[in-house]
Structure formats: C-alpha cells, structure tokens
Amino acid sequence: MIFTQIVARLRDDASMSQQEVASFLGIARATYAGLEAGRREPNLSEIRGLADLYKITVAQLIEDQPDVVEIEQPLEAASVSSNQEIVPRAIPRLQVEKFQNVLLYLLDKVGAKPNVGETVLYKLLYFIDFDYYEKYGQALIGAKYIKNHYGPTPISFKKIIEEMQENQQLDVVSGNYFKYKQRKYMPMVEPDLSSLSAQELEHINEVIHRLGDKQAKELSDYSHRDTPWLATKLGEPIDYQLAMYRTNDTSVKEPEDEL
C-alpha cells in the first residue's frame, strides 16, 4: 500500500472529508487532494500533522506495513525505471560482520584524527546507512539507530565493541579532547573489504570525505536538521524510510536520481 492509498484509507476510516483533513493541516482542500492523488509529495509538517490526526506514528503512516518482511541478508536495491521513486521492500536488519568491517575501515581512515571519538563515529555510521538508503533504497549496514539529545545513536554499538575487544580486533582508549572526555577506538586488525561492494566502498569514502573532519557538535547539529531525526520521538528507533522525505538541507540525492 503506497502513501496515497494509506492516507485515503485513514480518512475513510475516520469518516472525514478532504476539507476536514485539509483544515486540520492548515492547507487548502485542493492542496490536500493533490496528496491523495499523488500529484505532490507531502512535506514534513503535513506528515506529522496526519500522524497526529490519526493517532499513529510517522513510521506507520509512510511505510508499507502489510508487505514489509524482515530478512537476514542484505537487501537488493528496488527495481525501478528512471522516472519512478525508489520504494523500499523490507526493513533493514543489522549485518554484524559488515558493521565490524565498516567500523574498522572508518577507524583506519579517520580514527587517529583528534576530532574522531565515539560521538563522531555514531554520526558517521548513521549517515553511511541513511544516505545509502536514500540513494539506493537499502541500508548498507542495517544498524538500528535511536533518537537521543545528541543525535542518532546505533543501539548495537557497545555490544559489538565488546565482542571486537574480546576478539582483539580493536582497543578502547579514554582521554580528553579540549575540555571534553573522549573515547577513542584503535583498530588492531585490517578490515575485510570483501564484504563490501565497490559501490558501498565508494559511498563510505564519500561520507568520510564530506563529514570526517567535522567536530562532534557540528555533526550533531547537522543530524538534528535531518528529517528522519526530526520526525522521530526522543528515545524511539529512527525509521529508514523517513530518509525518502529529506529536505535539500541533508538530502544526498543527485538531481539526475529524481528524473
């Protein structure tokens, strides 16, 4: 079920007219009718308003619930023509080995930089996953991220770090960066890049080039402008499909991707 069908069904179930819904959203009836007809994309304010109106989460509003299935293997990119929007077909699921190798690769490339502590790594992993999902309709690592005050946080990070320490894949060192305490991670083995495709590796390098020199506060502020973070309640998991509703402020889609 696509977004236009979902909002039309919800309105019918609530026995509301298009005018009543439009009035609740503070828009013209013709503008709302364009949403149901698929003539225009909803903005973040309208998505939130519809979720509030029908007492559901943003994720429930935009995702294709009946057909979503969790799978163990990496998702294949959705097959679409050049003028179609990418429609994700499944919920991303964490790939632990790939997570470990992406983390080792990040540490090998930027781990020694003074700005790169735990917070920066959190944000780099988040943007690697969500930027890839926006561009290709699938997550690269598939980690689950929750919304906290400082930005998205991968909830499996600490457990994976403990396993990697036990396996002597990395070491953890605590120190100070200016007036802040900082936890740094030192790789002890080389990443296994065979688990990454050329496209994935190119994407990771692009994220490193674009964000790898930023301070923790800069990355946190940047993540706070990202639609997936904005549309999620504090402490709740961030839905990957919200990346499809990003604004120009954080979107990474090239213009030709939308032709």
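Higher on the page you've got the structure.
The text that follows walks through the structure, step by step, so that each part is easy to find.

Reading the values: rules and limits
Residues numbered from 1 in each chain as written. Predicted model: local features only at pLDDT ≥ 70, side-chain atom pairs only at ≥ 80, totals over all residues. Heavy atoms only, no water. Phe/Tyr/Trp six-rings, centres within 6.5 Å; stacked < 30°, edge-to-face > 60°. Helix = DSSP H or I, 4+ residues; strand = E, 2+ residues; numbered from the N terminus. Buried < 20%, exposed > 50% of the residue type's maximum accessible area, 1.4 Å probe, protein only. Axes fitted to C-alpha atoms, helices over the stretch in contact; angles between N-to-C directions. Left-handed = near helix turned anticlockwise from the far one by under 90°. Contact = heavy atoms within 4.5 Å. Nonpolar A, V, L, I, M, F, W, Y, C, P; charged D, E, K, R; others polar. Core = buried A, V, L, I, M, F, W, Y, C linked by side-chain atoms within 4.5 Å. Polar contact = N/O pair within 3.5 Å; in protein donor to acceptor, adjacent residues only side chain to side chain.

## What about the packing of aromatic side chains?
Where two aromatic rings form a pair, the distance of their centres and the angle of their planes describe that pair.
Then, in step 1: If you walk through the whole model with that rule in mind, you get 11 aromatic pairs.
Then, in step 2: Taken together, a centroid distance of 6.4 Å and an interplanar angle of 65° make the contact between Phe99 and Phe157 edge-to-face. In this pair, Phe99 is assigned in helix α6 (residues 96-110) and Phe157 in helix α8 (residues 157-166), connecting sequence segments 58 residues apart.
Then, in step 3: For Phe99, a relative accessible area of 0% translates into the label buried.
Then, in step 4: Judged by relative accessible area, Phe157 falls into the buried class, the value being 0%.
Then, in step 5: Centroid distance Phe130 to Tyr240: 4.2 Å. Interplanar angle 10°. Geometry classified as stacked. Residue Phe130 is found in helix α7 (residues 118-136), and its partner Tyr240 is found in the segment after α11 (227-230); the two are separated by 110 residues along the sequence.

## A look at the packing of helix α2 (residues 18-25) against helix α4 (residues 44-53)
Then, in step 1: Taken N-terminus to C-terminus, the directions of α2 and α4 make an angle of 115°; their axes are 9 Å apart at the nearest point. Note on packing geometry: the crossing formed by α2 with α4 is right-handed. Residues Val21, Phe24 and Leu25 of α2 lie in contact with α4, whose contacting residues are Glu46, Gly49, Leu50 and Leu53.
Then, in step 2: Of the residues in the contact of α2 with α4, the class split is 5 nonpolar, 1 polar and 1 charged.

## With respect to the nonpolar core
Then, in step 1: Core analysis: the biggest nonpolar cluster contains 64 residues, and Tyr32, Leu50, Val102, Leu103, Leu106, Phe157 and Ile204 have the highest contact counts within it.
Then, in step 2: Looking at which element gives the most residues to this core, the answer is α7, with 11 residues.
Then, in step 3: Every residue in contact with Leu50, bar those within four places of it in the chain, is listed here: Phe3, Val7, Val21, Leu25, Tyr32 and Leu61.

## Section: unusual backbone geometry
Then, in step 1: One non-glycine residue with positive phi stands out, namely Lys55, at about 55°.
Then, in step 2: Using a relative accessible area of 75% as the deciding quantity, one classes Lys55 as exposed.
Then, in step 3: Unlike most non-glycine residues, Gln168 shows phi in positive territory, near 55°.
Then, in step 4: Tracing the chain through its elements places Gln168 in the loop between α8 and β3 (170-177).

## Examining the environment of Lys184
Then, in step 1: Mapping Lys184 onto the fold places it in strand β4 (residues 180-187).
Then, in step 2: Owing to a relative accessible area of 15%, Lys184 belongs among the buried residues under this scheme.
Then, in step 3: The sequence separation of Lys184 and Thr119 amounts to 65 residues, and the corresponding C-alpha distance is 9.8 Å.
Then, in step 4: Among the polar contacts made by the side chain of Lys184, one reaches the main-chain carbonyl oxygen of Val116 at a distance of 2.6 Å.

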